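Remarks on the overall topology
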Amino acid sequence: MSYWIDKHIKWIYPLPAVLFVGLMMVFPIGYTFWLSFHEWSMSNVTPPLWVALENYKALFQDELFRESLWITFYFTVVAVAIQMVLGILLALLMNAQIIGKGLVKTLFLLPMIATPVAVGLVWVLIYEPNVGVANIFLQALGLPVQEWLASPDLVLPSLILIDVWEWTPLIALIVLAGLVTLPKDPYEAAIVDGASRWQVFWNITLPLLKPTIYSAVLLRLIDALKTFDIIYATTNGGPGTSSQTLNIYGYVLGFQYFQIGKASALLMVFFAIVLSLSILVIVLRKKAGASL
Amino acid sequence: MRKKWNRFQKASFSLAAVVGISAVLSACSGGSNEEKANTGDNSTGKEPQTIRLVAANHPWTEAIKPLLPDFEKETGIKVQVDSYFEDQLSQKTSVEFAANAKSIDAVLFRPLQDGKQFEKNGYFASLNDYVTKEGGSTDDFIPSALGSVKNGDNLYGLPVVTESTVLYYRKDILEEAGLQPPKTLDELKEQAAKLSDPKNGLYGFVARGKRSPAVTQFSSFLYAHGADFMKDGKATLNTPEAIQAFEYYGGLLKNYGPPGTLNMSWPEAMAVFTQGKAVFYTDASALYTNATDATKSGVADKVGFAPFPAGPSGNKVATPPAWAIAIGANSEKKDAAWKFVKWATSKEIVLDLQANGITGALTSVWESPEGVAHFPEDLSAAIVENNKHGVPYDRPAIINVGEARDAIGDVINAAIEGKDVKAAASKSNTAFQNILDKE
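For clarity, every value in this text was computed on a predicted model and none was experimentally measured.

Thoughts on the sheet that holds strand β6 (residues 158-162) of chain B
Residues and elements named next belong to chain B. Spatially, β2-β1-β3-β14-β6 is the arrangement adopted by the five strands of the open sheet, whose pairing is mixed. Looking at the sheet topology across the chains shown, the edges are occupied by β2 (77-84) and β6. Neighbouring strand axes in the sheet, compared pairwise and without regard to direction, differ in orientation by 20° on average. Here two bridges tie strand β1 (residues 49-56) to strand β3 (residues 106-109), and the two strands are oriented parallel to one another. Within the sheet, the bridge partner assigned to Val 54 lies in β3 and is Val 107.

What about the UniProt feature "domain: ABC transmembrane type-1" (unreviewed entry) in chain A?
What UniProt calls "domain: ABC transmembrane type-1" (unreviewed entry) maps, in this numbering, to residues 69-281 of chain A. The distance separating the terminal C-alpha atoms of residues 69-281 of chain A is 20 Å; by composition the span is 76% helix and 0% strand.

Considering the environment of Val 131 of chain A
Looking at the element boundaries, Val 131 of chain A is found in the loop between α7 (116-127) and α8 (133-140). Excluding its chain neighbours within four sequence positions, the residues that come into contact with Val 131 of chain A are Ile 136 of chain A together with Lys 277 of chain B.

Overview of the nonpolar core
Residues and elements named next belong to chain B. Trp 60, Ile 325 and Phe 340 are the most contacted members of the largest nonpolar core, which totals 107 residues. Excluding anything up to four places from it in sequence, Trp 60 contacts Leu 53, Leu 108, Val 160, Val 161, Ile 325, Ala 344, Leu 353 and Ile 358. Val 215, Ala 224, Val 401 and Ile 412 belong to the second largest nonpolar core, which has 54 residues in total.

Here's the deal with the confidence of the model for chain B
Residue and element names in this part refer to chain B. With 89% of its residues at a pLDDT of 70 or more, chain B has an overall mean of 87. In the predicted structure, residues 15-45 sits below a pLDDT of 50 and forms 44 contacts with residues beyond four places in sequence or in another chain. The ipTM for the predicted assembly is 0.81, set against a pTM of 0.83.

With respect to the pattern of salt bridges
All names here are of chain B. Evaluated as defined, the whole model comprises 19 salt bridges over all chains. Among the ionic pairs, Arg 52 bridges to Glu 96, the shortest N-O distance being 3.0 Å. Placement of the pair is Arg 52 in strand β1 and Glu 96 in helix α4 (residues 86-98), with a sequence separation of 44 residues. The exposure classification of Arg 52 matches that of Glu 96, with both residues buried.

Some thoughts on the environment of Val 54 of chain B
All names here are of chain B. In this fold, Val 54 is placed in strand β1. When its relative accessible area of 0% is taken as the criterion, Val 54 is described as buried. The sequence separation of Val 54 and Ile 325 amounts to 271 residues, and the corresponding C-alpha distance is 9.6 Å. When residues no more than four places from it in sequence are discounted, the contact partners of Val 54 are Asp 82, Tyr 84, Leu 89, Thr 93, Ile 104, Ala 106, Val 107 and Leu 108.

Concerning the domain arrangement of chain B
Residues and elements named next belong to chain B. Each assigned domain of chain B is listed with its residue range as follows: domain 1 (2-156 + 321-377) and domain 2 (165-319 + 394-438). Listed per partner, the contact involves 17 residues of domain 1 and 18 residues of domain 2. Buried surface at the junction of domain 1 and domain 2, summed over both partners, amounts to about 1400 Å²; 57% is from carbon and sulfur atoms. When the buried surface of domain 1 facing domain 2 is broken down by residue, Leu 112, Gln 113 and Lys 116 rank first, second and third, together holding 35% of it. Between domain 1 and domain 2 we count zero salt bridges in total. The tally of links between domain 1 and domain 2 comes to two residue pairs in polar contact (both at pLDDT 80 or more). When residues in the side of domain 1 that touches domain 2 are grouped by element, the largest group, five residues, is from helix α5 (residues 111-120). Within the side of domain 1 that touches domain 2, the residues separate by chemical class into six nonpolar, seven polar and four charged.

Some details on the side chain of Ser 148 of chain B
Mapped onto the fold, Ser 148 of chain B is located in the loop between α7 (143-147) and β4 (150-151). Taking relative accessible area as the criterion, Ser 148 of chain B reaches 14% and is therefore assigned buried.

A short note on the pairing of strand β14 (residues 321-327) of chain B
Residue and element names in this part refer to chain B. The element β14 is extensively covered by neighbouring structure, given that seven of its seven residues are classed as buried. Where β3 and β14 come together, four bridges link them in antiparallel fashion. In the strand pairing of β14, Phe 109 is matched with Ala 324. The pairing of β6 with β14 spans four bridges and is classified as antiparallel. By the bridge assignment for β14, Thr 162 is matched with Pro 321.

Notes on the sheet that holds strand β8 (residues 203-206) of chain B
Residues and elements named next belong to chain B. The strand order across the open sheet built from four strands is β8-β11-β7-β12, with neighbouring strands paired in mixed fashion. Looking at the sheet topology across the chains shown, the edges are occupied by β8 and β12 (303-306). Averaged over all neighbouring strand pairs, the angle between strand axes comes to 20°, with direction disregarded. Relative to strand β11 (residues 278-284), β8 is paired through three bridges, and the arrangement is parallel. Residue pairing in the sheet places Val 206 in a bridge with Tyr 281 of β11. Its contacts with the sheet put helix α18 (residues 377-388) on β7 (165-170) and β12, and the angle it makes with β12 is roughly 20°.

What counts, and at which threshold
- Residues numbered from 1 in each chain as written.
- Chains lettered and ligands numbered in written order.
- Predicted model: local features only at pLDDT ≥ 70, side-chain atom pairs only at ≥ 80, totals over all residues.
- Heavy atoms only, no water.
- Pairing = 2+ DSSP bridges.
- Helix = DSSP H or I, 4+ residues; strand = E, 2+ residues; numbered from the N terminus.
- Axes fitted to C-alpha atoms, helices over the stretch in contact; angles between N-to-C directions.
- UniProt positions renumbered as here; feature names shortened; annotations may be inferred.
- Contact = heavy atoms within 4.5 Å.
- Core = buried A, V, L, I, M, F, W, Y, C linked by side-chain atoms within 4.5 Å.
- Buried < 20%, exposed > 50% of the residue type's maximum accessible area, 1.4 Å probe, protein only.
- pLDDT = per-residue confidence, 0-100.
- Salt bridge = Lys/Arg side-chain N within 4 Å of Asp/Glu carboxyl O.
- Domains from an automatic or database assignment.
- Buried area = accessible area lost by both parts, 1.4 Å probe.
- Polar contact = N/O pair within 3.5 Å; in protein donor to acceptor, adjacent residues only side chain to side chain.
- Nonpolar A, V, L, I, M, F, W, Y, C, P; charged D, E, K, R; others polar.

This is how it looks when you write it as structure tokens:
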């Protein structure tokens, strides 16, 4: 018996993890894939009906789907871009020798550890057009008040601001970890050669940080693409459909319209998008790593 | 085949559901504690039983909770209540039912929103046999309310809350201005315009403006303009009367409403009113305790109620059954659940609930003096008046209500934003017609 265990030990140790991944990740994706070729209203009496590619066809003809695709990309690209710039700056700041560094670090990390739904609810109050702090602030500055989340034009920038507020610290943290591990020699050489601080940053720090930055982008990109909690807690995709991302639309299709098949098709398309983006970033990262 | 499907479906769907949804739901639902329910389960019925009631965050639930110990004393059945905000309730129940879960014994649902879909999906146990045993105990229910929980002859629920759109108004402000509460929509517009004073944070009118939630309260405006959602299976959202109604409602909110109405369901709109920031507010009568309870409302002693004002085509107002109670199709404690349903819809309990402000569904209670004694006088007068011109639905009476509501809500949103209502209405009309064609 023990011989058998010894012989197969390399299979036995990872088994729980493999089983977990299989059950909790591969199965739901497979089941969603299967459902995406069926029509089903979560009925207990009518089993899913095979409709082949009808759900996908309906999806690509659906104006709301295209709109939510655009909203998802807009939200993700703008939010992650702002977070990257701010996060790198923040990391450089935290890496410098400043007084109260520990305290600053702790404070910046606070938004990240808050529960997203709670964050959403707090921001609903901040953005409240009548009594919210955001408008009181604008008034104090003598600026016109805004409707924030209730305005179809401002809702996405408002949501992006929440996302930036919450997740910039994550970027800062990852980049900071990268900064700490950078080799010292290139810097010494550069100083000897009389490079300016900007040149040092642009020609040494940034290139050396590239792999770290790609990792941070990859993490945030996937996360931002599938943002659900903040949007659900603040606007539910509204006003109208102005902040209806793919995830929210999938949720609406599934649980409000009971079109499980179409919702599954949407999620499969979404899954493909996230997967290909991830692969793209990983390839880029490998390239950057290889050029080191 | 069917059995095999069921087993597969049960296993796979519950798994998918657990993985995909539970995180979201538990994050949004506030405090729920399932899984504790099935403690007292047994078939002999001698030991104390526990049934699980999945309910809405609604005054009905709040009012029935203090009465549950009486029920337990009477029957030995303990009732464990999980409550959720209405949208989450729909999702929570559909996911549990679709996984063929046995964990829901009794459930609150919205007959006009989820009723037909849930019934079609086989979520509910038929109540026919139980009622027959009682010898026709449904006679006392308001007929239109009872009609909403039947599919042909199959009774799948019993209504517990009815409502109608009433006009909430600020007595003190109207008095000061020497005005009588408006009797027509024209007067409402006139007075809202006159009393609106945004510089001082007072708005003439507030109501729901959020896409889907707005539809039910907008329906009375639609009917009063002589329009309807559909007629003989044809969508009628773009008739001149309907467009007039959309423009009227959107105009009121745009011109005399507070900022941010596009994101307002009833909790937000009610908050504007109870913070003393609006003169007029139209919403369901069933929510009135939020405005008159001094612990929740800053204007508790200044709220007046009036019947829904008459429109160009006279008095017509939505008086729908808002909530009903059903028994889960897979519950293993159907008998205990039925005891609870019977108790909760009995005249004695409904009377008790109605004394706490719950607008029930029993004719005899509405007709008895005790039944209306606890309502503000003008509110019960408004409800009685509304019922004379009632339309028993406040959204299209179809299966795919969710999708249809969103289509209608789009037009309301367009009207509030001051966009081209005609264009929005004809676009939504096409979408709505497609939904009707699929039914």
